[in-house]
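The residues making up each chain are set out below.
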Amino acid sequence: MNASKNILITGGAGFIGSHVVRLFVNKYPNYHIYNLDTLTYAGNLENLSDIEGRSNYTFVKLNICDTFSLSKFFDLVEFDGIIHLAAESHVDRSISNPGAFIETNILGTVNLLNLARNQWKDKLEGKRFYHISTDEVYGSLGDTGYFTESTAYDPRSPYSSSKASSDHLVRAYHHTYKMPVVITNCSNNYGPNQFPEKLIPLVINNIKTKKALPVYGKGLNIRDWLYVEDHAAAIDLVFHNGKNGDTYNIGGSNEWKNIELVKKLCQIMDTKLGREAGESEKLITYVTDRAGHDMRYAIDSSKIQNELGWKPSVNFEQGLEKTVDWYLANQAWMDNILSGEYEKYYEAQYKER
Ligand code: NAD
Ligand code: DAU
């Protein structure tokens, strides 16, 4: 059994964070998991209803930008590790409102770094600050090549710039103050509990309700998709075995043009919903491109594969089936989101396109 530890996971009520919290609560009964989340539009405690009563789990509603309350919380609990996922995560929202991304992703991260540094000042041994980042910090690829850990940063959206900035700050705290850090940069995740502003759940929901499927530009942009539980498994490995100060890239080796992915979802959903083959594809609507839309992301994940023995376990066919099945079986989860702020966002986002 692992030694007991207090682990702080930020952003645990969001998409990826909820899968990481569940994995740690179930796999490490000896750890106490503190899920710190301010519950923005993207935070949803329904994602964790199956583990909310567990004795090794505590939810703490706090904003990482609220320095005063955060520091009071750090006075109460001494952490062995921090896994930092809390962030504003949607590129389109960063284009319409960059300020929130600067506040949470940069200033919020610095708050956490400062408080961890203060708490650990006399005992860095055995501590770990794990910053979860994105492949978008590396910019955009042409037809060939892959992002490696030594690819130069070239962020091109307010979202990716804010994540790049926080990555640099985490590394600066390592170099300057010897903070024990690790960083991972991951490709596009998909799976259950993803907020329907992101491509896959948005398309699933729109196919189900027979709404237009908005494809930006010509639909030729490429993303490298990874099933969310494979990302959570990688986070577990890096948290426990990653080398202090190192960066690891995580990706699915699974590149898809957006239009091909949307068509694939149409085929799966036609079968599942008993619709005629080709019916859902008729909903595809090409809309104005995203400003500054990165063309292609593709991760070289050989370092984490060779050094830590991680590899994706779910192939795309299985992963998409599981994802579609989850959304079809959890309409109440979607209805709760659709009854809130989401409708206003959707109207504003897609009206002009
Ligand atoms: P998400 O938007 O689904 O969840 C973010 C969570 O952070 C929400 O629960 C939200 O309430 C919380 N949060 C936001 N601002 C906060 C604040 N100021 N204080 C406390 N909590 C706050 O995001 P996600 O897709 O699960 O992404 C999680 C992390 O992984 C992010 O750091 C993101 O940059 C990174 N990432 C995401 C992907 C992806 O494909 N989704 C890929 C690579 C990396
Ligand atoms: O690469 C990792 C990143 O992946 C994460 O860091 C981000 O948090 C996450 O949101 C995701 O960013 P993307 O911008 O790649 O994901 P999104 O689902 O928004 O879009 C995927 C692709 O689909 C992208 O090329 C834009 C396109 N798209 C998106 C939407 C929402 C459409 O064509 N139509 C849409 O309606």
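Attention in this report is confined to the structure presented alongside it. (Residues numbered from 1 in each chain as written. Chains lettered and ligands numbered in written order. Predicted model: local features only at pLDDT ≥ 70, side-chain atom pairs only at ≥ 80, totals over all residues. Heavy atoms only, no water.)

Another aspect to go through is the overall build of the protein. Helix and strand counts for the protein stand at 12 helices and 12 strands. Relative to a compact globule of 353 residues, whose C-alpha radius of gyration would be 20 Å, the protein shows 20 Å and is just as compact. Dimensions of the protein, computed from C-alpha atoms along their principal axes, come out at roughly 65 × 45 × 40 Å. Burial analysis of the protein (353 residues in total) assigns 55% to the buried set. Excluding contacts between residues fewer than 6 apart, the proportion of contacts in the protein whose partners are at least 24 apart in sequence is 83%. For the protein, the exposed area adds up to about 14700 Å²; of that, 49% sits on carbon and sulfur atoms. Taking the average location of the 37 positive side-chain charges in the protein and that of its 43 negative ones, the two points are 2 Å from each other. (Helix = DSSP H or I, 4+ residues; strand = E, 2+ residues; numbered from the N terminus. Rg over C-alpha atoms; globule rule 2.2 N^0.38 Å. Buried < 20%, exposed > 50% of the residue type's maximum accessible area, 1.4 Å probe, protein only. Contact = heavy atoms within 4.5 Å. Areas by Shrake-Rupley, 256 points an atom, 1.4 Å probe, with all protein chains shown as cover. Lys, Arg positive; Asp, Glu negative; His and termini not counted. Charge placed at Lys NZ, Arg CZ, Asp CG, Glu CD.)

Within the element layout of this structure, lysine 257 appears in strand β11 (residues 255–257). Along the primary structure lysine 257 and lysine 322 are separated by 65 residues, whereas in three dimensions their C-alpha atoms are 20 Å apart. If we ignore the near neighbours within four places in the chain, the residues touching lysine 257 are Gly219, Leu220, Asn221 and Ile222.

This next bit is on the nonpolar core. By size, the foremost hydrophobic cluster in this structure holds 35 residues, and its most contacted members are Ile200, Leu213, Leu265 and Leu320. Contributing elements (two or more residues each) for this core: α6 (199–208), β8 (213–216), β9 (222–227), α8 (258–272), β12 (284–287), α10 (316–329), α11 (331–338) and α12 (342–351). Examining the composition of this core, we find that 7 residues originate from one element, α8, more than from any other. Residues within four places of leucine 265 in sequence aside, it is in contact with Ile200, Val203, Ile204, Ile207, Leu320 and Val324. Within the second largest apolar cluster, 29 residues are counted, among which are Leu48, Ile83, Cys186 and Ile250. (Core = buried A, V, L, I, M, F, W, Y, C linked by side-chain atoms within 4.5 Å.)

The immediate surroundings of ligand 1 are formed by 28 residues, with Asp37, Asn63, Ser89, Tyr159 and Lys163 found nearest. Within the contact set of ligand 1, a nitrogen atom lies 3.2 Å away from a backbone nitrogen or oxygen of threonine 38. Here an oxygen atom of ligand 1 and a backbone polar atom of asparagine 189 are 2.9 Å apart. Burial of ligand 1 by the surrounding chains reaches 96%, relative to a free accessible area of 830 Å². Contributing elements (two or more residues each) for the shell around ligand 1: α1 (15–27), β5 (128–134), α5 (158–177) and β7 (188–190). (Near = heavy atom within 4 Å. Polar contact = N/O pair within 3.5 Å; in protein donor to acceptor, adjacent residues only side chain to side chain.)

Right, let's get into the site of ligand 2. Surrounding ligand 2, one finds 23 residues, the nearest of these being Asp135, Tyr159, Arg290, His293 and Tyr350. Separating a nitrogen atom of ligand 2 from a backbone N or O atom of proline 214 is a distance of 2.8 Å. Protein chains shield 95% of the accessible area of ligand 2, which is 680 Å² for the free molecule. Ranked by residue count, the leading element in the shell around ligand 2 is β8, at 3 residues. Residue composition of the shell around ligand 2, by class: 9 nonpolar, 8 polar and 6 charged. (Nonpolar A, V, L, I, M, F, W, Y, C, P; charged D, E, K, R; others polar.)

This brings us to the side chain of serine 162. Along the chain, serine 162 turns up in helix α5. A distance of 3.0 Å separates the side chain of serine 162 from the side chain of asparagine 105, its partner in a polar contact.

The strand order β3-β2-β1-β4-β5-β6-β10 describes an open sheet built from 7 strands, whose pairing is parallel. Only two strands of the sheet have a single neighbouring strand rather than two, namely β3 (57–61) and β10 (247–250). Across this sheet, the average inter-strand angle for adjacent strands is 20 degrees, counted without regard to direction. Judged from the 5 bridges that link them, strand β2 (residues 31–37) and β3 form a sheet pairing that is parallel. For leucine 36, the partnering residue across the bridge sits in β3 and is valine 60. This element, helix α2 (residues 67–76), spans β1 (5–10), β2, β3 and β4 (81–84) of the sheet and lies at about 170 degrees to β2. Docked against the sheet, helix α7 (residues 228–241) engages β1, β2, β4, β5, β6 (181–186) and β10, running at close to 145 degrees with respect to β5. (Pairing = 2+ DSSP bridges. Axes fitted to C-alpha atoms, helices over the stretch in contact; angles between N-to-C directions.)

All right, on to the pattern of salt bridges then. Counting across every chain of the model gives 15 salt bridges. Here glutamate 78 ties to lysine 127 by a salt bridge, and the two come within 3.6 Å at their closest N and O atoms. Of this pair, glutamate 78 sits in the loop between α2 and β4 while lysine 127 is found in the loop between α4 (98–119) and β5, placing the two residues 49 residues apart along the sequence. Accessibility expressed as a relative area gives 35% for glutamate 78, which makes it partly exposed. On the accessibility criterion, lysine 127 (11% relative accessible area) is buried. The shortest N-O distance in the salt bridge between lysine 198 and glutamate 197 comes to 3.6 Å. (Salt bridge = Lys/Arg side-chain N within 4 Å of Asp/Glu carboxyl O.)

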